[in-house]
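Results of the structural survey
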Amino acid sequence: MTQSRNIWTDAARRLGVPAATGPIPMVVAEPEGRPKGTVLLVHGRNGAPGQPQIAEIAEAYLARGWRVAAPELPHSAALPESGPPEQVTFAGHTRAAAEAWAWVARQWPDGARALAGHSLGAYAIAHLAAGSPDAHHVLAVSPPMSGRVLLLAREAMGPAAIEAIRRDAPAYLAESPTADAEPALNRMAAPLAVVTGAADGLIPLKDARAYFAAAPNARFFAALPDEHHCPAGAACGHMLAAALSALGA
């Protein structure tokens, strides 16, 4: 995942969210007219709000009249001021996302609130949704249900893939065998949609389907032909719009 030219972020505000480990920057964009609600949009490991796969999600929400709040979470290589990327963990990413989610609830207590996430962000929002019975819906893109799913995918890629993650994110690798969102997904009351790339080597299609199947209120699943882990582009935008329609967004 690499940093891209900002798109939706050009016209967005950048606010600060108080957090235990220091303020988390929050990128907030408003739709035209009165917002239908606010979505917390959580990026993945080494992600950022301006990356193409995150921008695609943000623009789908803005087009449907939703406010978008996207945090710049700690320890992302795409965000130089976020801290050392080798310190990222499943638990830390989820904790930081939870602080951002609590901030959204304080800022807009009376409106609908939804969760969206890509990759490790989709892992995190499963935990947030499990504790949020009032969440309007959940949209997961390229979602890993567990660290073991990601570990097995890297093992299939060969020793170099394991060595790379051992070098770049050793604590994340150590946590991989035990990090698991399935119990959270089982408790999720909100309707769920999953959009994934059919050619994703990091989250194979069967694993994205397992994430979807684990949620009691799973409503929409789509696999984009020839797309990999960071889907973007016109076909992805159309599928995200269909997912949001199915979720009543």
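Below is a short write-up of the structure. Every chain is numbered on its own, with residues counted from 1 as its sequence reads. The predicted nature of this model means local features are confined to residues of pLDDT at least 70 and side-chain atom pairs, given and counted, to a pLDDT of 80 or more, with totals for whole chains, interfaces and linings taken over all residues. Excluding hydrogens and water, the side-chain figures rest on all heavy atoms present in the structure.

**A look at the environment of Arg13**
By the element assignment, Arg13 lies in strand β1 (residues 13–17). The partly exposed category is assigned to Arg13, whose relative accessible area is 40%. For the pair Arg13 and Val104, spaced 91 residues apart in sequence, the C-alpha separation works out to 14 Å. Setting aside its immediate chain neighbours within four residues, Arg13 contacts Met26, Val27, Val28, Glu30 and Trp108. Within polar-contact distance, the side chain of Arg13 engages the side chain of Glu30 at 3.0 Å. Helix and strand assignments come from DSSP, with helices taken as H or I runs of at least 4 residues and strands as E runs of at least 2, each series counted from the N terminus. For each residue, the accessible area found with a 1.4 Å probe, counting protein chains only, is set against the maximum for its type, and the residue is called buried under 20%, exposed over 50%, and partly exposed in between. Should any heavy atoms of two residues lie within 4.5 Å, those residues are considered in contact. Residues adjacent in sequence count toward polar contacts only when both atoms are side-chain atoms; beyond that, a polar contact is any pair of N or O atoms within 3.5 Å, and within protein one must be able to donate a hydrogen and the other to accept it.

**Describing helix α2 (residues 90–107)**
The periodicity of an α-helix, 3.6 residues per turn, causes residues three or four positions apart to be oriented the same way. The span you would expect from a helix comes to 1.5 Å times its residue count less one. Across its 18 residues, α2 extends 26 Å between first and last C-alpha, which sits within 8% of the 26 Å expected from 1.5 Å per residue. Of the positions making up α2, those classed as buried are Phe90, His93, Thr94, Ala96, Ala97, Ala100, Trp101, Trp103 and Val104.

**Let's talk about the side chain of Asp207**
Among the structural elements, Asp207 can be located in helix α8 (residues 205–213). Asp207 has contacts with Pro143 and Val149, leaving out every residue within four places of it along the chain.

**Description of the pattern of salt bridges**
Working definition: two side chains of opposite charge can pair if their charged atoms are close together. For this analysis, a salt bridge means a side-chain nitrogen from Lys or Arg found within 4 Å of a carboxyl oxygen belonging to Asp or Glu. This structure, assessed with the given rule, holds 7 salt bridges. Between Arg113 and Asp134 there is a salt bridge; the shortest N-O distance is 3.0 Å. Taken together, the residues span a long stretch of sequence, with Arg113 in strand β5 (residues 112–118) and Asp134 in the loop between α3 (120–130) and β6 (138–141) at a distance of 21 residues. For Arg113, a relative accessible area of 12% gives the class buried. Across the pair Asp168 and Arg167 runs a salt bridge, and its minimum N-O distance is 3.1 Å. Its relative accessible area of 53% is what places Arg167 among the exposed residues. Connected through shared salt-bridge partners, Arg13, Glu30 and Arg67 make up one network.

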